[in-house]
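Structural description and commentary
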Amino acid sequence: MNRLDGKVCVVTGAASGIGRRIAEVYAAAGGRVVVADLAAEAAETVAAGIRATGGDALALAMDVADEAQVVDGIARAIAHYGRIDVLVANAGIQIVSPIVDFDFADWKRLLAIHLDGAFLTTRECLRDMARRREGGAIVYMGSVHSHLASKLKAPYVTAKHGLLGLARAVAKEGAEYGVRANVVCPGFVRTPLVEKQIPEQAQALGLSEDEVVRQVMLKDTVDGEFTTLDDVANVALMLAAFETNALTGQSLNVSHGWAMQ
Ligand code: NAD
């Protein structure tokens, strides 16, 4: 269980935060990891770190919202490793604002990275998996916001709900090739994406930063604790390594009980 020996795993948004930890955990589990990110230099640093500890990793500069870059990037990954067995569609951003002030360009940018990015990387990886018919796993980085809503996050909540639909559609179509698709739904994890939100939400809601953490972010957890990078990476490993179609089209909250459906 929970081994990825020799499996080729593309992780998007892997230069930072959750994606970075997933790349490291997958490599430690024997996976050959494609560290894909918009931030080329940081992706190279992560890949070099994995290689320095005896793992196998390739850095890939790729904007997931750009069709030509995704087609070319996944082709380069296949040229290097010969196949794709696992995709983790993780790249994402956050933009917080009340709906009445939300800029349309920001709405479209956020949806493009989360949803266009998930679709484009899925299509290119699934084409390889369908061609080889040796199975595969696709893991989407959802959020508690795949199931619940919060103020100030309209496009993020919309995108994360949308990933549930995409995962279910991929589960239906992928079954023919033995490809499973599932969604990990973390609560708040202290990454750059979240650190940036604390002062932004404090200003928007008229609270102190400490109040944002205690009264907004962790209010509904069972224990007032942040979810950790390892919590999320270990669940993403389980979903990637699971061996049968018994687990497909599902979403799993990793959130200290914040969401319980
Ligand atoms: P992060 O900011 O630490 O990392 C995000 C990475 O995505 C960065 O390396 C960034 O360069 C990359 N990226 C952004 N746009 C990209 C693009 N167009 N193409 C390729 N790469 C791109 O953030 P994180 O907290 O690790 O978030 C990762 C994922 O986890 C996101 O989908 C986020 O919505 C989700 N998530 C985060 C939390 C949390 O509390 N941190 C909770 C639930 C879900």
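Read on for an overview of the structure. Residue positions are given per chain, counted from 1 along the sequence in the order it is written. Totals for whole chains, interfaces and linings use every residue, but because this is a predicted model, local features are given only for residues with pLDDT of at least 70 and side-chain atom pairs only at 80 or more, for both listing and counting. Excluded from the side-chain calculations are hydrogens and water; all other atoms, namely the structure's heavy atoms, are used.

**Remarks on the pairing of strand S3 (residues 56-61)**
The condition that has to hold: When DSSP finds two or more bridges between two strands, those strands count as paired. Put simply, DSSP H or I for four residues or longer makes a helix, DSSP E for two residues or longer makes a strand, and each gets a number counted from the N terminus. A crossover counts as right-handed when, viewed with the strands pointing away from the observer, the path leading from the first strand over the helix to the second turns clockwise.
Two elements, strand S2 (residues 32-37) and S3, share six bridges in a ladder whose sense is parallel. Bridging from a neighbouring strand, Val-33 pairs with Ala-57 of S3. As for the winding sense of the linkage, the β-α-β connection from S2 through helix H2 (residues 40-52) to S3 is right-handed.

**Brief notes about the packing of helix H6 (residues 192-205) against helix H7 (residues 209-217)**
So the rule is basically this: All axes are obtained by fitting lines to C-alpha atoms, using only the stretch in contact for helices, and the reported angles, taken between N-to-C directions, cover 0 to 180 degrees. Should an angle fall under 35 degrees it is called roughly parallel, over 145 degrees roughly antiparallel, and 65 to 115 degrees roughly perpendicular, with every other angle called oblique. Residues are treated as being in contact if the distance between any of their heavy atoms lies within 4.5 Å. In this classification, Asp, Glu, Lys and Arg are treated as charged, Ala, Val, Leu, Ile, Met, Phe, Trp, Tyr, Cys and Pro as nonpolar, and every other residue, Gly included, as polar.
Where H6 meets H7, the closest approach of the two axes is 9 Å, and the angle between their N-to-C directions is 95°. As far as their axial angle goes, H7 and H6 are roughly perpendicular. Here H6 contributes Val-194, Gln-197, Ile-198, Pro-199, Gln-201, Ala-202 and Leu-205 to the contact with H7, which in turn contributes Glu-209, Val-212, Val-213, Val-216 and Met-217. In the contact of H6 with H7, the residues fall into nine nonpolar, two polar and one charged.

**Overview of the pattern of salt bridges**
Cut-off, in case you're wondering: Every case where a carboxyl oxygen of Asp or Glu lies within 4 Å of a side-chain nitrogen of Lys or Arg is listed as a salt bridge. The buried label applies to any residue whose accessible area, calculated with a 1.4 Å probe on protein chains only, is under 20% of its type's maximum; exposed applies above 50%, and partly exposed to all values in between.
Tallying each qualifying case throughout the model produces 21 salt bridges. The partner of Arg-123 in a salt bridge is Glu-67, with the nearest N and O atoms 2.9 Å apart. Of this pair, Arg-123 sits in helix H4 (residues 104-132) while Glu-67 sits in helix H3 (residues 67-81); the two residues are 56 residues apart in sequence, bridging distant segments of the chain. Its salt-bridge partner being Asp-210, residue Arg-214 comes within 2.7 Å of it at the nearest N-O pair. Here the residue Arg-214 and the residue Asp-210 both occupy positions in helix H7, the gap between them amounting to four residues, near one helical turn. Taking the relative accessible area as the measure of exposure, Asp-210 reaches 44% and is therefore partly exposed. Shared partners join several salt bridges into a network, and the residues in it are Arg-83, Asp-85, Asp-128, Arg-131, Arg-132 and Glu-134.

**With respect to the nonpolar core**
Condition: We define a nonpolar core as any set of buried Ala, Val, Leu, Ile, Met, Phe, Trp, Tyr and Cys residues linked to one another through side-chain atoms lying within 4.5 Å.
Formed by 36 residues in total, the largest nonpolar core has its most connected members in Leu-4, Ile-22, Tyr-26, Val-35 and Val-184. Of all the secondary structure elements, the ones that give two or more residues to this core are strand S1 (8-12), helix H1 (17-28), S2, H2, S3, strand S4 (86-89), strand S5 (136-141) and helix H8 (229-241). Looking at this core, the element that brings in the most residues is H8, giving eight residues. Formed by 34 residues, the second largest nonpolar core is a distinct cluster that contains Val-70, Ile-113, Leu-126 and Ala-167.

**Observations concerning the state of the cysteines**
To be explicit about the condition: By definition, disulfides here are pairs of cysteine sulfur atoms that lie within 2.5 Å.
A full pass over the atoms with the stated rule returns zero disulfides. In this structure Cys-9 is not part of a disulfide, and its nearest cysteine sulfur, from Cys-125, lies 11 Å away. Residue classification places Cys-9 among the buried residues on the basis of a relative accessible area of 0%.

**Things to note about H2**
Threshold: Expected span of a helix: the number of residues minus one, times 1.5 Å. The arc in question is the one traced by the directions running from the helix axis out to the C-beta atoms.
In a regular helix each residue adds 1.5 Å, so 13 residues correspond to 18 Å; H2 covers 18 Å between its end C-alpha atoms and thus fits that length. When we look at burial in H2, the residues that qualify are Ala-43, Val-46, Ala-47 and Ile-50. Buried positions in H2, seen along its axis, are confined to an arc of 95° and lie on one side of it. In H2, those exposed residues whose orientation departs by more than 90 degrees from the buried face are Glu-41, Thr-45 and Ala-52. Next to the buried residues of H2 lie H1, S2 and S3.

**Details of the site of the ligand**
Let me state the cut-off plainly: Think of it this way: one heavy atom of a residue within 4 Å of a molecule or strand is enough to make that residue near it. N or O atoms closer than or at 3.5 Å make up a polar contact, with two conditions inside protein: a donor-capable atom paired with an acceptor-capable one, and, for residues adjacent in sequence, both atoms drawn from side chains.
The full set close to the ligand counts 29 residues, and Ser-16, Asp-37, Tyr-156, Val-189 and Thr-191 are the nearest of them. Note that an oxygen atom of the ligand is positioned 2.8 Å from one of the backbone N or O atoms of Ile-18. Measuring from an oxygen atom of the ligand, one finds a side-chain N or O atom of Tyr-156 at 2.6 Å. Broken down by secondary-structure element, the contributors of at least two residues to the shell around the ligand are H1, H4, helix H5 (154-174) and H6. Here the shell around the ligand takes three residues from H6, the largest share from any one element. Here the residues of the shell around the ligand sort into 16 nonpolar, 10 polar and three charged.

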